[in-house]
Amino acid sequence: MSDAPEDFFADEELSPVSIDPNAPHLVVAGSLNIDYVMRVGRLPNPGETIAAAEMVTNFGGKGANQAVAAARQEIEVTLIGSLGDDEMARPYRTRLENEGINVDLIKNQPGIRSGSAFIAVDDEGENTIIVSPGANAITSVDEIHHAEAAIQKADALLAQFEIPISTIVEAVNAANLADVTVILNPSPIRTTFPWSEIQSDYVIVNESEAIELLDFLPGQIRDLPMVRQQLDEFNIGTLVITRGSDPTLVYPEFEDPFEVPTMAVLPIDTVGAGDAFAGCFASQIARGVDLRDAVRSANVAGALTTLGAGAQSPIPDLDQVEQHVQQFP
Ligand code: RIB
């Protein structure tokens, strides 16, 4: 079986997507990984060895997945990040370009491999992921300095936690100074992140990340005064908690909390569903869409992404999201 990504050989056949330069602009600061995905009947227990039915290699990384999700909603997207000097770097850059993403701020880091993610997906579509950061770990504040002009003229900045904390903070500071909307998806959660030193307008987490982030017990996540107090301490405006097939919980900055139902699906592969949610949500916010509608579209994008294998291939485009949002009010 080939080790090349699923569409490694298809790059030349893809025609570049043309993006309207007057479209809303999102800057994403984040990771790019090569995903090595093993399909297993069930996830292994600690100390256990199991055989995979198959192994495929895909393009992934939370930053790139979210950039793809946003670009498929037909907004202008610039990705800040790093690739290594391995054989996967060039095809990955071409692939992102063909998605219509501006790749000028993706650095080729010499002497290091691109990030890798080792993923097991079971029969229910659940997954476990181990990431070797590679070039993502040396995405530095210098990269953000090069990107300052792009951040300043963006409608929103979106970042996750797979690149160094100092780099994320620098990007958020640049956005805060220019009054650009900041959307953070602090995944994977890192307890050392200096929340009180920056201002974030929207934070997207899943339920277990929410409990870790706010240092709460599971039952306390619906205790509004406690949640609001913690959000204020962390300078977080609106908190969005995704909960798989359960309704998404939203704690807006100036309104009462509300829930937005998700679309019922039978998942095949949940890898990248959270990224599809975050990228679609950010595209809606960059467009100036109302919060409830932004979550509705993002719920649809996340659900549809679970219906295909791989992190990026099944992410829906604008037409697919709009069609399903209409059928699923
Ligand atoms: O969120 C899914 C992503 O997490 C995968 O693509 C993998 O690369 C890891 O970063």
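Predicted, not measured: the structure shown is a model, and the values here were computed from it. (Residues numbered from 1 in each chain as written. Predicted model: local features only at pLDDT ≥ 70, side-chain atom pairs only at ≥ 80, totals over all residues. Heavy atoms only, no water.)

So, on to the overall build of the chain. A count of helical and extended segments in the chain gives 9 helices and 14 strands. Rg of the C-alpha trace for the chain: 19 Å, near the compact-globule value of 20 Å for 329 residues, within the 12% margin. The 329 residues of the chain split such that 56% are buried. Contacts in the chain between residues at least 24 apart in sequence constitute 69% of all its contacts with a sequence separation of at least 6. Accessible surface computed for the chain: about 14,200 Å², of which carbon and sulfur atoms make up 51%. The chain carries 17 positive and 50 negative side-chain charges, and their two centres are separated by 1 Å. (Helix = DSSP H or I, 4+ residues; strand = E, 2+ residues; numbered from the N terminus. Rg over C-alpha atoms; globule rule 2.2 N^0.38 Å. Buried < 20%, exposed > 50% of the residue type's maximum accessible area, 1.4 Å probe, protein only. Contact = heavy atoms within 4.5 Å. Areas by Shrake-Rupley, 256 points an atom, 1.4 Å probe, with all protein chains shown as cover. Lys, Arg positive; Asp, Glu negative; His and termini not counted. Charge placed at Lys NZ, Arg CZ, Asp CG, Glu CD.)

Judged by side-chain charge, E74, D317, D319 and E322 come together as a negatively charged surface patch. You can see E74 is positioned in the loop between helix 1 (62-71) and strand 4 (76-83). Relative accessible area serves as the criterion here: at 47%, E74 is assigned to the partly exposed category. (Patch = residues over 30% accessible without salt bridge, like charges linked within 9 Å, V, L, I, M, F, W, Y side chains within 5 Å. Salt bridge = Lys/Arg side-chain N within 4 Å of Asp/Glu carboxyl O.)

Turning our eyes to something else, we now look at the sheet that holds strand 3 (residues 54-60). Reading across from one edge, 3-2-7-8 is the order of the 4 strands in this open sheet, with mixed pairing throughout. What marks the edges here is a single partner per strand, and that holds for strand 3 and strand 8 (127-132). Adjacent strand axes in the sheet meet at a mean angle of 20 degrees when their direction is disregarded. Pairing of strand 2 (residues 33-39) with strand 7 (residues 115-121) involves 7 bridges; the strand directions are parallel. (Pairing = 2+ DSSP bridges. Axes fitted to C-alpha atoms, helices over the stretch in contact; angles between N-to-C directions.)

The next point concerns the confidence of the model for the chain. On average, residues of the chain score 92 in pLDDT, and 93% of them reach the 70 mark or higher. Per-residue pLDDT stays below 50 along residues 1-17; that stretch engages in 28 contacts with residues further than four places along the chain or on separate chains. (pLDDT = per-residue confidence, 0-100.)

Quick look at the site of the ligand now. Lining the immediate surroundings of the ligand are N33, D35, G60, G61, K62, N65, A117, I129, E162, G272, D275 and A311. At 3.0 Å from an oxygen atom of the ligand is found a side-chain nitrogen or oxygen belonging to N65. Within the side chain of D275, a nitrogen or oxygen atom sits 2.7 Å from an oxygen atom of the ligand. If the ligand stood free it would expose 280 Å²; the protein chains cover 96% of that surface. Cavity membership is defined here by more than half of the atoms lying within 2 Å of grid points; on that basis the ligand lies in the largest pocket. Counting only elements with at least two residues in the shell around the ligand, the list comes to strand 2 and helix 1. (Near = heavy atom within 4 Å. Polar contact = N/O pair within 3.5 Å; in protein donor to acceptor, adjacent residues only side chain to side chain. 1 Å grid on protein atoms, 1.4 Å probe; cavity = no way out; pocket = protein on both sides within 12 Å on 5 of 7 lines; lining within 4 Å. Sits in = over half its atoms within 2 Å of the grid points.)

Let us look at the packing of helix 8 (residues 291-305) against helix 9 (residues 318-327). The geometry of helix 8 relative to helix 9 is characterised by a closest axis approach of 9 Å and an angle of 110 degrees between their N-to-C directions. Accordingly, the angle class assigned to the pair helix 8 and helix 9 is roughly perpendicular. Helix-helix and strand crossings are classified by hand; for helix 8 and helix 9 the assignment is right-handed. Listed contacts from helix 9 to R296, S297, V300, A301 and L304 of helix 8 are Q320, V321, H324 and V325. Tallied by class, residues from the contact of helix 8 with helix 9 come to 5 nonpolar, 3 polar and 1 charged. (Parallel < 35°, antiparallel > 145°, perpendicular 65-115°, else oblique. Left-handed = near helix turned anticlockwise from the far one by under 90°. Nonpolar A, V, L, I, M, F, W, Y, C, P; charged D, E, K, R; others polar.)

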